[in-house]
Amino acid sequence: MTAVTPRRRWPISSAVLIVANVVPLLGVLTHHWTVFAVVLLYWCENVVVGVFNVLRMLFAQPQNALVQAGKAFLIPFFCVHYGMFTFVHGVFVFGLFGGGFKQGGFAGPGPHAVLEAVRQAGVGWGVAALIASHGFSFFHNYLAGGEYRLVGLPQLMMQPYARVVVLHLAIIGGGFFVMALGSPVLALALLIVLKTAIDLGAHLAERRKHGTLPPDQAVFATTSS
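Here we come to a nonpolar patch on the surface. The grouping of F87, V88, V91, F92, L96, F176 and M179 at the surface amounts to a nonpolar patch, some 610 Å² of accessible area in total. Looking at the nonpolar patch, the elements with two or more residues in it are α3 (65-97) and α7 (153-180). Here the nonpolar patch gets 5 residues from one element, more than from any other, and that element is α3.

The next subject is unusual backbone geometry. As a rule of thumb, non-glycine residues mostly have phi less than zero, and peptide bonds are mostly trans rather than cis. Not every positive phi belongs to a glycine, and H32 is a case in point at roughly 55°. Looking at where H32 falls in the secondary structure, it is placed in the loop between α1 (12-31) and α2 (35-59). Note on H32: relative accessible area 63%, which makes it exposed.

Considering every residue of the protein, the mean pLDDT works out to 81; 84% of them sit at 70 or more. Confidence, read as mean pLDDT per element, is least for helix α4 (residues 99-103) in the protein (54) and greatest for helix α6 (residues 124-143) (94). Confidence drops under a pLDDT of 50 for residues 1-7, and excluding neighbours within four residues, the segment shows 2 contacts in the predicted structure. In this model residues 215-225 is a low-confidence stretch, pLDDT under 50, and it forms 37 contacts with partners more than four residues away in sequence or in other chains.

Okay, the packing of aromatic side chains next. To describe a pair of aromatic rings, you give the distance between the ring centres and the angle between the ring planes. A complete count under the given rule lists 13 aromatic pairs for this structure. Aromatic side chains F52 and F138 sit 5.8 Å apart centroid to centroid with 45° between the ring planes, which places their arrangement in the tilted category. Here the residue F52 occupies a position in helix α2, and F138 occupies one in helix α6, the gap between them amounting to 86 residues. Residue F52 is classed as buried on the basis of its relative accessible area of 12%. By relative accessible area, F138 is classed as buried at 2%. Centre to centre, the rings of F73 and F77 are 5.8 Å apart; their planes meet at 20°, and the pair counts as stacked. Placement of the pair is F73 and F77 together in helix α3, with a separation of 4 residues, close to one helical turn. Every member of this aromatic cluster is reached through a ring pair, and the members are F52, F59, F138, F139, Y142 and Y148.

Parameters at a glance
Residues numbered from 1 in each chain as written. Predicted model: local features only at pLDDT ≥ 70, side-chain atom pairs only at ≥ 80, totals over all residues. Heavy atoms only, no water. Patch = residues over 30% accessible without salt bridge, like charges linked within 9 Å, V, L, I, M, F, W, Y side chains within 5 Å. Areas by Shrake-Rupley, 256 points an atom, 1.4 Å probe, with all protein chains shown as cover. Salt bridge = Lys/Arg side-chain N within 4 Å of Asp/Glu carboxyl O. Helix = DSSP H or I, 4+ residues; strand = E, 2+ residues; numbered from the N terminus. Buried < 20%, exposed > 50% of the residue type's maximum accessible area, 1.4 Å probe, protein only. pLDDT = per-residue confidence, 0-100. Contact = heavy atoms within 4.5 Å. Phe/Tyr/Trp six-rings, centres within 6.5 Å; stacked < 30°, edge-to-face > 60°.

Okay, structure coming up:
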């Protein structure tokens, strides 16, 4: 009789991700977060993703001298390219959903404007929760789990873009739909649940690509951090 190989469980970082995404749900249900607050929070998460991706690139394949040499060009290139991409994305987020900042002479999502928006929207603790989630995944899966020895720089270069495009097509589209309905709490809550489901699937897909999970445990084909 052939022994059946037990299925591996989802990584603990999946539970951390879900808990972090419960924070904005509580914000909507108990603190009356607006559409702008939710979209702003998820745009801030893109900045967090970019920072941790730079760290991933710095630690990637330390045993490979060619990869180490390539970092001198690819890391600055990623910082400039992803930074511009995120900035333009932020202009749309503030322009389309943050009317008050536009009226106040907002010229772009600079550090001061972002910090002030986060303060006024009351989403600072949501940002902290998402930083903790991505930080846990970085240390638990990437460093302690040994993913840094396997993943290549070209894959890391493209990884955040797939996440941003997939998530924010859903978030921005859903945001307009919620605004059209008059921003009811239930619709905002459903938007957050949708984002969490996509994020979880992407997180598991990344673990599969990096060898942490077998193929049958990745429920979506996108990538995330």
